[in-house]
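Inside the fold
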Amino acid sequence: MFCIVCTLLLLPVQGILAVIVLLTTLVFWMLYFKDSPYAHKHRTDNEKYFMDENARQVPFPSLEDEYTLDLSIIVPAYNEQDRIRPMLESCLHFLTDVGRKWSFEVIVVSDGSTDGTCDIVMEYIQQYGSDRIRLLKLYKNRGKGGAVCLGMQSARGRTLLFADADGATEFQDLEKLETVLNFLAANDITESAKPVFAVVCGSRAHLETESKAQRSVFRTFLMMCFHMHVWLFGVRTIKDTQCGFKLFTRPAARILFDNLHVNGWAFDVEMLYIAEKLKFQLAEVPVHWTEIEGSKIVPIWSWLEMGFDVLAIWLRYRSGSWKIRE
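The structure presented is a predicted model; accordingly, all values stated were derived computationally and were not measured.

1. Describing the overall build of the protein
Scanning the protein from terminus to terminus reveals eleven helices and nine strands. Here the contacts in the protein between residues at least 6 apart in sequence split such that 81% fall between residues at least 24 apart. For the protein, the computed accessible surface area is about 16,600 Å², with 58% contributed by carbon and sulfur atoms.

So this is what it looks like as structure tokens:
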């Protein structure tokens, strides 16, 4: 908002009128040239199945089913052949530690990958079996939000984590998220059969001072503008909405991933916006995070795209153009 005001002050009258016409057109398009008020993620017939270690097609379960495992981890991946192997090694080393007795699955969602991502995941399926590793192969790129959503809708876990394919967050921090989630669940339950709607978000907010020192002044300014933009039009209870390490109870995941419209980078903001509106229990936990080369985010352009999506989320829910299916 501050950036817009500064820009308007520097423009001549004709420029200001042009900006007003552009913004009015965008608002009109968002409100009237709209899709269904309720979210729906299309899935082709081939995307309803996974390949097991014996090359047989097996149907995915549904998020609407009762859980049969302790934990599901959803990993969206688009052309990640250079980063997916070390990430899976770290993840599986942590999950198969002899001191841990939980049952788990890792679902890698290939979001229209054209490189060797799927071949690498199939190697791990052969090694660990399709009960522990599964590949959801999307034949068309949906965006990170679409990939996470379809992966969640195929999961069996009592709790569900989505984690980025770059492995930037240490999986040992999952224990911290689980501790907080269990605390929220214990404080929420008044009846044994009551579902718990809770989300715990990994956060890099504690690393902000260090990261500012490593960025240019311009990129730091844009980042601060984006955070302010999200706070004004999106989410106010979570400082770091974009960290790719979030843990959900199954009832919370059912509602949130049944309502997501946004397929792009800003899907986290819509998801947390819905959670706030429905008064879900939310918490933020500091995690260890390391920047890994190969990010698919394009500086400036991706931030502008996310900023537009955040504004669209706010406008469409405020106008009733989008509705929450409870």
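2. Considerations on the packing of aromatic side chains
A full pass over the atoms with the stated rule returns ten aromatic pairs. Between Phe 171 and Phe 245 the ring centres are 5.9 Å apart and the planes differ by 75 degrees, which places this aromatic pair in the edge-to-face class. Taken together, the positions of Phe 171 in the loop between β6 (157-163) and α6 (174-188) and Phe 245 in strand β8 (residues 245-249) put the pair 74 residues apart, joining distant regions of the chain. Phe 245 carries the same exposure label as Phe 171, and that label is buried. Among the aromatic side chains, those forming a connected cluster through ring pairs are Tyr 273, Tyr 317 and Trp 322. Sitting over the ring of Trp 289, Arg 204 keeps its end group 5.2 Å from the ring centre. Above the plane of the ring of Trp 231 lies Arg 236, whose end atom (NZ or CZ) is 4.1 Å from the centre.

3. Re helix α3 (residues 84-95)
Spanning twelve residues, α3 covers 16 Å between terminal C-alpha atoms, matching the ideal 16 Å at 1.5 Å per step. Of the positions making up α3, those classed as buried are Ile 84, Met 87, Leu 88, Cys 91, Leu 92, Phe 94 and Leu 95. Along the axis of α3, the buried positions cluster into a sector of 155 degrees, meaning they face one direction only. Facing away from the buried surface of α3 by more than 90 degrees, the exposed residues are Pro 86 and His 93.

4. Some thoughts on the sheet that holds β8
Note: strands within a sheet are paired through backbone hydrogen bonds, in either parallel or antiparallel orientation. An order of β5-β4-β3-β6-β8-β7-β9 is seen for the seven strands of this open sheet, with the pairing classed as mixed. Looking at the sheet topology across the chains shown, the edges are occupied by β5 (133-138) and β9 (281-286). Averaged over all neighbouring strand pairs, the angle between strand axes comes to 20 degrees, with direction disregarded. This element, helix α4 (residues 117-128), spans β3 (69-77), β4 (104-111) and β5 of the sheet and lies at about 155 degrees to β5.

5. Focus on unusual backbone geometry
You will see that Ala 55, though not glycine, has its phi angle at about 65 degrees, which is positive. Of note in the backbone geometry, Lys 279 takes a positive phi value of approximately 60 degrees without being a glycine. Considering the arrangement of structural elements, one finds Lys 279 in the loop between α10 (267-277) and β9. According to the relative accessible area criterion, Lys 279 is exposed, its value standing at 72%.

6. Section: the pattern of salt bridges
Using the criterion set out here, one finds 14 salt bridges in the structure. In this structure, Glu 123 and Arg 85 form a salt bridge, with 3.0 Å as the shortest nitrogen-oxygen distance. On the criterion of sequence distance, the pair formed by Glu 123 in helix α4 and Arg 85 in helix α3 is long-range, its members being 38 residues apart. Taken together, the salt bridges that share partners define one network made up of Glu 80, Arg 83 and Asp 166.

7. Quick look at the confidence of the model for the protein
Mean pLDDT over the protein stands at 85; residues scoring 70 or higher make up 79%. The model gives residues 210-215 a pLDDT under 50, and that stretch makes five contacts with residues more than four places away or in other chains.

8. Quick word on the pairing of β5
The element β5 is extensively covered by neighbouring structure, given that five of its six residues are classed as buried. Bridging between β4 and β5 involves six bridges; their strand directions are parallel. If you follow Ile 107 over to β5, its bridge partner there is Arg 134.

What counts and what doesn't
Residues numbered from 1 in each chain as written. Predicted model: local features only at pLDDT ≥ 70, side-chain atom pairs only at ≥ 80, totals over all residues. Heavy atoms only, no water. Helix = DSSP H or I, 4+ residues; strand = E, 2+ residues; numbered from the N terminus. Contact = heavy atoms within 4.5 Å. Areas by Shrake-Rupley, 256 points an atom, 1.4 Å probe, with all protein chains shown as cover. Phe/Tyr/Trp six-rings, centres within 6.5 Å; stacked < 30°, edge-to-face > 60°. Buried < 20%, exposed > 50% of the residue type's maximum accessible area, 1.4 Å probe, protein only. Lys NZ or Arg CZ within 6 Å of the ring centre and 35° of its normal. Expected span 1.5 Å × (residues − 1). Arc of directions from axis to C-beta. Pairing = 2+ DSSP bridges. Axes fitted to C-alpha atoms, helices over the stretch in contact; angles between N-to-C directions. Salt bridge = Lys/Arg side-chain N within 4 Å of Asp/Glu carboxyl O. pLDDT = per-residue confidence, 0-100.

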